[in-house]
Each structure stands twice: as C-alpha cells, then as structure tokens.
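The residues making up each chain are set out below.
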Amino acid sequence: MQLLTHATLAGMDAESNGYGLIENGALVIEGERIVWIGAAAELPTRFSGATRHDLGGRLVTPGLIDCHTHIVFGGDRAREFEMRLEGASYEEISRAGGGILSSVRATREADEATLLASALRRVDHLIAEGVTTIEVKSGYGLDIATEMKMLRVARLIGETRAIHVETSWLAAHALPPEYKDDRAGYIRDVVIAGLDAAHAEGLVDAVDGFCEGIAFSRDEMASIFDHAARLGIPVKLHAEQLSDLGGALMAAQRGAISADHLEYLGADGIAEMAESGTVAVLLPGAFYTLRETKLPPMQGLREAGVPIALATDCNPGTSPLTSLLLTMNMGATLFRMTPAECLTGVTRHAAKALGLTDRGRLAAGMRADLAVWDVGHPAELTYRIGFNPLHKRIFGGEID
C-alpha cells in the first residue's frame, strides 16, 4: 500500500465544476487502484502503516488522456505542409492524390516493426507529459490487411510501453483509388468485412468514420454504425470539420460516445449531443495547422451541457502534434476555453469520450493513473507554452 502525502490534489470531480482541489491532501493506492483520497488531517489510522511518499507540496492530477490520435502511420507529409503555406487548400491537396492517400501508400509499404518503432517515438513524447491513456485509430490502410496491421501495432504499443491503448476502426476515412468508382463496394468489401475480421481478432474497441464532402456521407456512415451496433461496438465520428452535413446529429442519435472536430456544428447537432451524452472532442491542433477561422460553437456547447474534451489529433498531415500540454494551451487561446475546462477536457471528459469509467478523476475505486507536477496551481498546465513541468508519472499504481 502506497501513501502520497504533502500534495495538492486536483480531483476533477463533476460536482466541483472545476479542479476539485484538496490542499495538503493525501491519497492512498493499493495495487492498481486508489482506495482513499482526502485532506491529510483526515487520513484514517488504518492507512498509517502504508509506504509514504512526500510530494513536497506538488500538484497531483489524474493521468492525462489523449482521446483522439492517428499516431500509427508510415511516412510524413512535410511537403504538403509547404503546399498549404503556398496557398493550396486541404481539399485541393486531397483531390490531387495527397492528404490521407499519401499516408496510405506509406503505411501499406511499412511493416509492423517499422510502424511500431515510429509510433513509439511519438508515444514517448506523450508519456513524458503525463499521458497514461491514448486512443489510436486505423485509417491509413484502406484495405483490410493494412487496417488490421495498424491496430495490431496499436495493441503492441500498450504491450511495449506503460500506457493504456484504446483502438478505433477507421476504415471509413477516405476512398482508396482502387474503389474510386465503387463506393458501395468499398464499404461492403473493406469497411464492413474488415470490421468483422478485426472484431473477431479482438482489435476493435470502437468504430469511427470521417463524415465530410471529401470522405463519406451521413447515410453511408449511418449504415456502418448500424453494423457496429449489431456487433455491440461503440461508435464515434469525425464530424462538421469543414461543413455541416449533420454527421454529429446522426452519430448522437445512435448513441455515439463522441463527435470530433465540430467547427461547423449547428444547434440541432448540439441539442442531440446533449440529449445522448455524446462528448464533443475538440482538436485545436488541426484548427491551427490548417489555419481555420471557423470556431467550434463553444458557448452553445457549454449552455447545452455537452461534455467537452480536448485531444492532439496526432496525425501526419493536419495535426503533427505530440504535446497534450500544448493542446491545452491551444484550447484556451484558440477556442477560448478556461484552464479548468482544458484540464477537464484531457481527464474526466476525455475518459468519457472513450467510454472509460475507471479513470479521469481522483476518487476511491479509480485506476491509480496519476501525474505529479512541479506547479503551484493547475492553471499553470494550460498557461505555459513549450514547458513540461511533469515531476513523476504513476501508471497503475507503479511509483518509480
């Protein structure tokens, strides 16, 4: 049994509607779980014999959660970054065979060992910032073999590093050249058939898709989600990034755990998300990289009580970002989120966006995934730019 003392604890509980700070707090860990949390002066005597760790007044938060990444991929798209700066739009690059399809070619050519080695370099940056859970999507294969290869690599990340990995089947990310004249065939032969195969192998925790004019329609995604429901798999959706196609509304009607991007989300979509409890996952890295100007409807989401999460969207093209701390700062500066909203967005609400109920808060019964910070107040985690104040990361109760 481990006892953390002399700490400021940010419980991130819903009741406080903020950080839920406990000054001069104590926290007891047994095995992989938190068994007690509170003011040190109220520590029950039954824990007095636990191994003590004096944290010197440091801040303790739940381990951070990056709930939307495409962190497994081949190659890079630095040249496309140049093209955008020279005036080409995201859609122009995509329709010219760049964008997602250029990552598809590189990912198909790479073997599992190569994909794992490159992904681990990115994952290690997140771990170094106190991240303890990540979501990893497929979507750069667009054939069954490569999509499954990506998810096997995602599972290997969790076996190779002290981090929990959730996976999402994102074959409905783009239409590959070999199916350019047969959209229905691609959905049938790759998206659906591949989902069945990947699910049978235990590779899929959720089903995702890209609902946009350059990707898949709302009706196409609805058919995929209906199949996921028959398999008992949760769904989520890239929606309303470039236009309002009603994807978030459709996803929420099907009980989606999250809808992501949402710059063009309308009032009807907000209302449906609030009704269903669907989390709004905002991705300021893509907004920044693409130099977008249309802000997500922050006030509408707040007023409706929609939970708001933040994530890196780490990917090779539109968000080559491997810092969740910088993502929090972007959430504040670009989307006008408060520091408390930003920290909630990478802890409690990020856990909800993944359908995980055992993390994202400091409370008895939660996983002992913690981050210990050399800061005096939680707002510093959002305020600083390019500075990592992590003192210690605790994963599953393991204290170095």
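Residues numbered from 1 in each chain as written. Predicted model: local features only at pLDDT ≥ 70, side-chain atom pairs only at ≥ 80, totals over all residues. Heavy atoms only, no water.

An unreviewed UniProt entry lists the protein chain under the name Imidazolonepropionase, with Paracoccus halophilus given as the organism. Word for word, the UniProt comment on the protein chain under Catalytic activity (unreviewed entry) is "4-imidazolone-5-propanoate + H2O = N-formimidoyl-L-glutamate". Within the UniProt record for the protein chain, the comment given under Sequence similarities (unreviewed entry) is "Belongs to the metallo-dependent hydrolases superfamily. HutI family." (UniProt positions renumbered as here; feature names shortened; annotations may be inferred.)

The backbone of Glu240 sits at a positive phi, close to 55 degrees, despite the residue not being glycine. Checked against the element boundaries, Glu240 lands in the loop between strand 9 (236-239) and helix 8 (247-253). Here the phi dihedral of Arg336 falls at roughly 65 degrees; this positive angle occurs in a residue that is not glycine. Structurally, the position occupied by Arg336 is in the loop between helix 12 (324-335) and helix 13 (339-345). Under the relative-accessibility criterion, Arg336 is labelled exposed at 54%. (Helix = DSSP H or I, 4+ residues; strand = E, 2+ residues; numbered from the N terminus. Buried < 20%, exposed > 50% of the residue type's maximum accessible area, 1.4 Å probe, protein only.)

Another point: the pattern of salt bridges. Enumeration according to the criterion identifies 23 salt bridges in this entry. Put simply, Arg79 and Glu82 hold a salt bridge, and the shortest N to O gap is 3.0 Å. A residue pair is termed a helical-turn pair when its members lie 3 or 4 positions apart in one helix, as Arg79 and Glu82 do in helix 1 (residues 78-85) at 3 residues. For Glu82, a relative accessible area of 41% gives the class partly exposed. Asp205 is the salt-bridge partner of Arg155, the closest N and O atoms lying 3.0 Å from each other. Placement of the pair is Arg155 in helix 5 (residues 144-160) and Asp205 in the loop between helix 6 (183-200) and strand 8 (206-211), with a sequence separation of 50 residues. Accessibility expressed as a relative area gives 24% for Asp205, which makes it partly exposed. Three or more residues joined by partner-sharing salt bridges are found here, namely Glu135, Lys137, Asp208 and Lys236. (Salt bridge = Lys/Arg side-chain N within 4 Å of Asp/Glu carboxyl O.)

Quick look at the pairing of strand 1 (residues 2-10) now. Consecutive side chains along a regular strand alternate between the two faces of the sheet. Within strand 1, 7 of the 9 residues are buried, leaving the element largely enclosed by the surrounding structure. Relative to strand 4 (residues 51-62), strand 1 is paired through 7 bridges, and the arrangement is parallel. Residue pairing across strands places Leu9 opposite Val60, the latter belonging to strand 4. Two elements, strand 1 and strand 2 (residues 21-30), share 6 bridges in a ladder whose sense is antiparallel. Bridge pairing links Leu4 to Leu27 in strand 2. (Pairing = 2+ DSSP bridges.)

Along the polypeptide, Ile71 turns up in the loop between strand 5 (64-66) and helix 1. For the pair Ile71 and Arg121, spaced 50 residues apart in sequence, the C-alpha to C-alpha distance is 9.8 Å. Beyond its immediate sequence surroundings of up to four residues, Ile71 is in contact with Ala119, Arg122, Val123, Leu126, Val136, Ile157 and Cys314. (Contact = heavy atoms within 4.5 Å.)

This part covers the sheet that holds strand 7 (residues 164-172). Across the sheet, which stays open at both edges, the 8 strands sit in the order 5-6-7-8-9-10-11-12 with parallel pairing between neighbours. Strand pairing shows two members of the sheet lacking a second neighbour, strand 5 and strand 12 (308-310), which therefore form its edges. On average, adjacent strands in this sheet sit at an angle of 25 degrees to one another, irrespective of strand direction. Examined bridge by bridge, strand 10 (residues 258-261) and strand 11 (residues 279-282) share 3 bridges and lie parallel to one another. Across the sheet, the residue bridging to Ala259 is Ala280, located in strand 11. On top of the sheet, helix 6 reaches strand 7 and strand 8; it is set at about 155 degrees to strand 7, its chief contact. (Axes fitted to C-alpha atoms, helices over the stretch in contact; angles between N-to-C directions.)

We now examine the sheet that holds strand 13 (residues 370-373). The 6 strands are arranged 3-2-1-4-13-14 in an open sheet whose pairing can be described as mixed. Two strands close off the open sheet at either side, each with one partner strand: strand 3 (33-39) and strand 14 (390-394). Within this sheet the neighbouring strands show an average axis-to-axis angle of 40 degrees, counted without direction.

When the UniProt feature table is mapped to this numbering, "binding site: N-formimidoyl-L-glutamate" (unreviewed entry) covers Tyr140, Asn315 and Gly317. In terms of the greatest pairwise C-alpha distance, the residues named above, spread along 178 residues, form a tight cluster of at most 11.5 Å across. Within the secondary structure layout, Tyr140 lies in the loop between strand 6 (131-137) and helix 5. One can find Asn315 in the loop between strand 12 and helix 12. Since its relative accessible area comes to 4%, Asn315 is described here as buried. When residues no more than four places from it in sequence are discounted, the contact partners of Asn315 are His70, Phe73, Tyr140 and Pro320. Within the local environment of Asn315, its side chain forms a polar contact with the backbone oxygen of Asp313, the two atoms lying 2.8 Å apart. (Polar contact = N/O pair within 3.5 Å; in protein donor to acceptor, adjacent residues only side chain to side chain.)

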